[in-house]
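# Architecture at a glance
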Amino acid sequence: MTVRLRTQVVGLGVGTATLVVALAALPLALLLRDEEYASALQQTTSAVQSTADYVSSGAYQPNLLTDYLARVNARGAGVTVQLGNDQRYGAPQPPDVLGAANGMKPPPMGHDDPDHDGGLRKVSPVQVSDAPGGKVVQVFCDTPQGDARVLALLTDGSVNTTVRERYAAVGGVALGLIALAFVASEFVGRRLARPLQRTAQT
C-alpha cells in the first residue's frame, strides 16, 4: 500500500507539472516566434536605413561603398545597393527576390540638396513586401545618379534557426521543471508513506 501511495503521489505531481508546462507551451512558442521575427525585422530595417542614409550623401567612391557594405553584411544583414544605372553592390540576391524588389516603385522624392552643397538627399519610408523565402525590406534614396534602392532579404530560414535554438533552451527548462516535480513528489510520497509503514509493522 505504501508503494502504491508513493506512486500515486509521484504520478499526481509529475502529471500536474507536465500539464502546466504543456498548457504554457503553445502561447509561449507563439510569443517567442513573434518576438524573434520582430527583432530580426528591426535589425534588417536598421541596416537598410543606415545604408540608404550613406548612399543618399552621394559622397562615396565605389570602392568605399563596397567596403562599407562588406562591413555591414559581415554582421549578417545581407544588404544590396542597386544604383540608378542598375549597378549592384553588396550581397547578391536571387533573381526572384530582385524581381519582387523591382516590383515596388519609388515614391516621388525630389531631393534635399537643391544648391548641390553635398548635403543628404531624401530617402523614402521603409517598404516591406513578401518574397520567395521571406520578406524584402527596401528603402529608396535620391542620389546624383538618380533613384537608388537599398534592400535586404529577411529569410524565414534565418528566423526559424534562431527560434529553434530558443525552443531548445525553453524545452530544457521545461524538462528541468518536470524533473524537479518528480523529485519533490517522490520526497512527499516517502514522507506520507512512512507513518503507514510504521503502523503496518506494529
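Residues numbered from 1 in each chain as written. Predicted model: local features only at pLDDT ≥ 70, side-chain atom pairs only at ≥ 80, totals over all residues. Heavy atoms only, no water.

### Digging into the environment of threonine 44
To be explicit about the condition: Secondary structure counts use DSSP, requiring at least four H or I residues in a row for a helix and at least two E residues in a row for a strand, with both numbered from the N terminus. Note on definitions: a residue-residue contact is assigned when non-hydrogen atoms from the two residues lie within 4.5 Å.
Topologically, threonine 44 is positioned in helix H1 (residues 2-56). For the pair threonine 44 and glycine 76, spaced 32 residues apart in sequence, the C-alpha to C-alpha distance is 8.9 Å. If near-sequence neighbours (up to four positions away) are discounted, threonine 44 is found in contact with Val137, Ala152 and Leu154.

### Observations concerning the confidence of the model for the protein
Quick reminder of the rule: Per residue, pLDDT measures the predictor's confidence, with a range of 0 to 100.
When the pLDDT values of the protein are averaged, the result is 80; 83% of them are 70 or greater. When mean pLDDT is compared element by element in the protein, strand E1 (residues 79-82) scores highest at 92, while helix H4 (residues 156-201) scores lowest at 76. Note on residues 113-117: pLDDT under 50 across the span, and 4 contacts to partners over four residues away in sequence or across chains.

### Things to note about helix H2 (residues 62-73)
For clarity, the cut-off: Expected span of a helix: the number of residues minus one, times 1.5 Å. Think of it in three bands: with a 1.4 Å probe and only protein chains considered, a residue is buried below 20% of the maximum accessible area for its type, exposed above 50%, and partly exposed in between. This arc describes the spread of directions from the helix axis toward the C-beta atoms.
Along its 12 residues, H2 runs 16 Å from first to last C-alpha, staying within 8% of the 16 Å computed at 1.5 Å per residue. Looking at H2, one finds that the buried residues are Leu65, Leu69, Val72 and Asn73. Axial view of H2: buried residues confined to an arc of 90 degrees, hence all on one face.

### Quick look at the layout of surface pockets
Our working rule: Points on a 1 Å grid, built from protein atoms alone, make a cavity when a 1.4 Å probe fits but cannot get out and make a pocket when they are open with protein on both sides within 12 Å along at least 5 of 7 lines; residues with an atom within 4 Å of a point are the lining residues. Grid points are joined across faces, edges and corners, and a volume is the space filled by probe spheres set on the points. Only Asp, Glu, Lys and Arg are considered charged, only Ala, Val, Leu, Ile, Met, Phe, Trp, Tyr, Cys and Pro nonpolar, and every remaining residue, Gly among them, polar.
The space that makes up the largest pocket amounts to roughly 330 Å³. Along its surface, the largest pocket is lined by 16 residues, and Gln43, Thr44, Arg75, Gly76 and Ala77 are the ones closest to its centre. Secondary structure elements with two or more residues in the lining of the largest pocket: H1, strand E5 (146-155) and H4. No other element matches the 6 residues that H1 contributes to the lining of the largest pocket. Counted by class, the lining of the largest pocket contains 7 nonpolar, 7 polar and 2 charged residues. There is about 220 Å³ of room inside the second largest pocket. Taken together, Val21, Ala24, Ala25, Leu28, Ala29, Leu32, Tyr167, Val170, Gly171, Val173, Ala174 and Leu177 make up the full set of residues lining the second largest pocket. Of all the secondary-structure elements, those providing two or more residues to the lining of the second largest pocket are H1 and H4. Residue composition of the lining of the second largest pocket, grouped by class: 11 nonpolar, 1 polar and no charged.

### Observations concerning the pairing of E5
Note the cut-off: Should DSSP find at least two bridges between two strands, the strands are regarded as paired.
Summarising burial for E5: 7 of the 10 residues are buried, a large majority. Pairing between E1 and E5: 4 bridges, direction antiparallel. Note on E5: the bridge partner recorded for valine 81 is valine 150. Relative to E5, strand E4 (residues 134-143) is paired through 10 bridges, and the arrangement is antiparallel. What sits directly across from valine 137, in E5, is alanine 152. Counting the residues in the hairpin turn of E4 and E5 gives 2 residues.

### Focus on helix H3 (residues 95-102)
Because each turn of an α-helix spans 3.6 residues, side chains separated by three or four positions end up pointing in the same direction. For H3, every residue scored as buried is listed here: Val97, Leu98 and Ala101. Along the axis of H3, the buried positions cluster into a sector of 100 degrees, meaning they face one direction only. Structurally, H3 contributes buried residues whose contacts are with E1, strand E2 (88-90), E4 and E5.

### Remarks on the nonpolar core
If you look at soluble globular proteins, the nonpolar side chains tend to sit buried side by side. Note the threshold: Residues belong to a common nonpolar core when they are buried Ala, Val, Leu, Ile, Met, Phe, Trp, Tyr or Cys residues joined through side-chain atoms within 4.5 Å.
Counting residues in hydrophobic clusters, the biggest one holds 19 residues, and the most contacted among them are Val48, Val55, Leu65, Val79, Val81, Leu83 and Val150. At 4 residues, H1 tops the list of elements feeding residues into this core. Apart from residues no more than four positions distant in its own chain, leucine 83 is found in contact with Val55, Tyr60, Tyr89, Asp147 and Ala148. Counting residues in hydrophobic clusters, the runner-up holds 8 residues, among them Ala101, Met104, Phe140 and Leu151.

### Focus on the sheet that holds E5
Put simply, the rule reads: Inter-axis angles, ranging from 0 to 180 degrees, are taken between N-to-C directions of lines fitted to C-alpha atoms, where helices are fitted over the stretch in contact.
A sheet is described by the order of its strands in space; here 5 strands give the open sequence E2-E1-E5-E4-E3, paired in antiparallel fashion. Both outer strands of the open sheet, E2 and strand E3 (127-131), are each paired with one neighbouring strand and no more. The sheet shows a mean angle of 25 degrees between the axes of neighbouring strands, direction not considered. Pairing analysis gives 3 bridges linking E1 to E2, with the strands arranged antiparallel. Bridging from a neighbouring strand, threonine 80 pairs with glycine 90 of E2. The strands touched by H2 within the sheet are E1 and E2, with E2 carrying the most contacts at an inclination of about 45 degrees. H3 rests against E1, E2, E3, E4 and E5 of the sheet, and its axis sits at about 130 degrees to E5.

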